[in-house]
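# Structure assessment
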Amino acid sequence: MNLPNKQKLDLFTEAYNNYYPVLYNAICGKVRDTHDTEDICQEVFIIFYNKFETIENHRAWLNGTMRNVVYDYYKRKGRKDEDINSIIEDSSMSYVNGFRKARL
């Protein structure tokens, strides 16, 4: 799909407005730092924008990318794989597919 720039921007903005608060809450639950949460959200949405036209399921893609970016965040901080997986899994108990149940 090759959307005109205005249409792409409008669709991206709609998706951003729908998913940013949910993604922010999910990431904050995993990293527990608002500044790092904002940075991770920004990174996820930059990647999302660049791949926007090829993504069929925005929610699933954002969830998977969020997990990968959070994983990379902890790797850069020197955490071991087991610790990272534990953090991601433990904090996801209150989430469904990475998003707060209350927001669905």
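Residues numbered from 1 in each chain as written. Predicted model: local features only at pLDDT ≥ 70, side-chain atom pairs only at ≥ 80, totals over all residues. Heavy atoms only, no water.

## Topic: the pattern of salt bridges
Side chains that differ in sign of charge can pair as their charged atoms come close. Note the threshold: Put simply, a salt bridge is a Lys or Arg side-chain nitrogen that is within 4 Å of an Asp or Glu carboxyl oxygen. Think of it this way: any DSSP run of H or I at least four residues long counts as a helix, any run of E at least two long counts as a strand, and we number them from the N terminus. The buried label applies to any residue whose accessible area, calculated with a 1.4 Å probe on protein chains only, is under 20% of its type's maximum; exposed applies above 50%, and partly exposed to all values in between.
A complete count under the given rule lists two salt bridges for this structure. Of the charged contacts, one joins D10 and K6 as a salt bridge, the two residues approaching to 3.0 Å between their closest N and O atoms. Residue D10 and its partner K6 are both found in helix α1 (residues 5-31); the two are separated by four residues, about one turn of the helix. Here K6 falls in the exposed class, since its relative accessible area comes to 59%.

## A closer look at the side chain of T37
Test applied: Contact definition: two residues touch when any of their heavy atoms are within 4.5 Å.
Summarising the element assignment, T37 is placed in helix α2 (residues 34-51). With near-sequence residues (within four places) excluded, T37 lies in contact with Y24, I27, C28 and V31.

## With respect to α1
What counts here: Each helix should span, by expectation, one fewer than its residue count multiplied by 1.5 Å. Here the bend at a residue means the angle between the axes of two seven-residue stretches, the one that ends at it and the one that starts at it.
In this model, α1 (27 residues) spans only 34 Å end to end at C-alpha, well below the 39 Å of a helix rising 1.5 Å per residue. The principal kink in α1, of about 40°, is found at Y19, preceding the proline P21 by one to four residues. Along α1, the positions that sit buried rather than exposed are K8, F12, A15, V22, L23, Y24, A26, I27, G29, K30 and V31. One or two positions beyond α1, positive phi appears at R32, with a value near 55°.

## Here we look at the packing of aromatic side chains
Put simply, the rule reads: Classification of ring pairs uses Phe, Tyr and Trp, with its six-membered ring standing for Trp, and accepts pairs whose centres are within 6.5 Å; under 30 degrees between planes counts as stacked, over 60 as edge-to-face, and the remaining range as tilted. For a lysine, the NZ atom is tested; for an arginine, the CZ atom; a charge sits over a ring if that atom is within 6 Å of the ring centre and within 35 degrees of the ring normal.
All chains considered together, the criterion is met by 13 aromatic pairs. On the numbers, 5.3 Å between centres and 85° between planes, the contact of F48 with F52 is edge-to-face. Judged by relative accessible area, which is 4%, F52 ranks as buried. Between the NZ or CZ atom of K8 and the centre of the ring of Y49, over which it lies, the distance is 4.2 Å.

## Side note on the nonpolar core
What counts here: For this analysis, a nonpolar core means a set of buried residues of the types Ala, Val, Leu, Ile, Met, Phe, Trp, Tyr and Cys, connected via side-chain atoms within 4.5 Å.
Counting residues in each nonpolar core, the largest one holds 24 residues, and the members touching the most others are L23, I27, V31, I40, F48, V70 and Y74. Per-element tally for this core: the top contributor is α1, with seven residues.

## Here's the deal with a negative patch on the surface
How we decide: Each patch is built from residues that are more than 30% exposed by relative accessible area and take part in no salt bridge. Like charges join if they lie within 9 Å; nonpolar side chains (Val, Leu, Ile, Met, Phe, Trp, Tyr) join within 5 Å. Surface accessibility in these figures is a Shrake-Rupley result with a 1.4 Å probe; residues are shielded only by whichever protein chains are displayed. His is not counted here, nor are the chain ends, while Lys and Arg score as positive and Asp and Glu score as negative. Lys charges are placed at NZ, Arg charges at CZ, Asp charges at CG and Glu charges at CD.
Taken together, E38, D39, E43 and D72 make up a surface patch of like negative charges. No other element matches the three residues that α2 contributes to the negative patch. Positionally, D39 belongs in helix α2. By relative accessible area, which is 45% here, D39 ends up partly exposed.

## What to know about the environment of F52
Residue position: F52 is located in the loop between α2 and α3 (58-76). Taking the C-alpha atoms as reference points, F52 and L9, 43 residues apart in sequence, are found 9.7 Å from one another. With residues near it in sequence (within four places) discarded, F52 still touches L3, K8, L11, F12, A15 and H58.

## Details of the packing of α1 against α2
Rules: The angle between two axes is taken between their N-to-C directions and runs from 0 to 180 degrees, where each axis is a line fitted to C-alpha atoms and a helix contributes only its stretch in contact. A crossing counts as left-handed when the near helix is turned anticlockwise from the far one by less than a right angle, and as right-handed when that turn is clockwise. Three residue categories are used. Nonpolar comprises Ala, Val, Leu, Ile, Met, Phe, Trp, Tyr, Cys and Pro, charged comprises Asp, Glu, Lys and Arg, and polar comprises the others, including Gly.
One way to put it is that α1 packs onto α2 with a least axis distance of 9 Å and a crossing angle of 145°. Note on packing geometry: the crossing formed by α1 with α2 is right-handed. Packed against α1, whose contacting residues are K8, F12, A15, Y16, Y19, Y20, L23, Y24, I27, C28 and V31, the element α2 presents T34, D36, T37, E38, I40, C41, V44, F45, F48 and Y49 at the interface. Class assignment for the residues of the contact of α1 with α2 results in 16 nonpolar, two polar and three charged.

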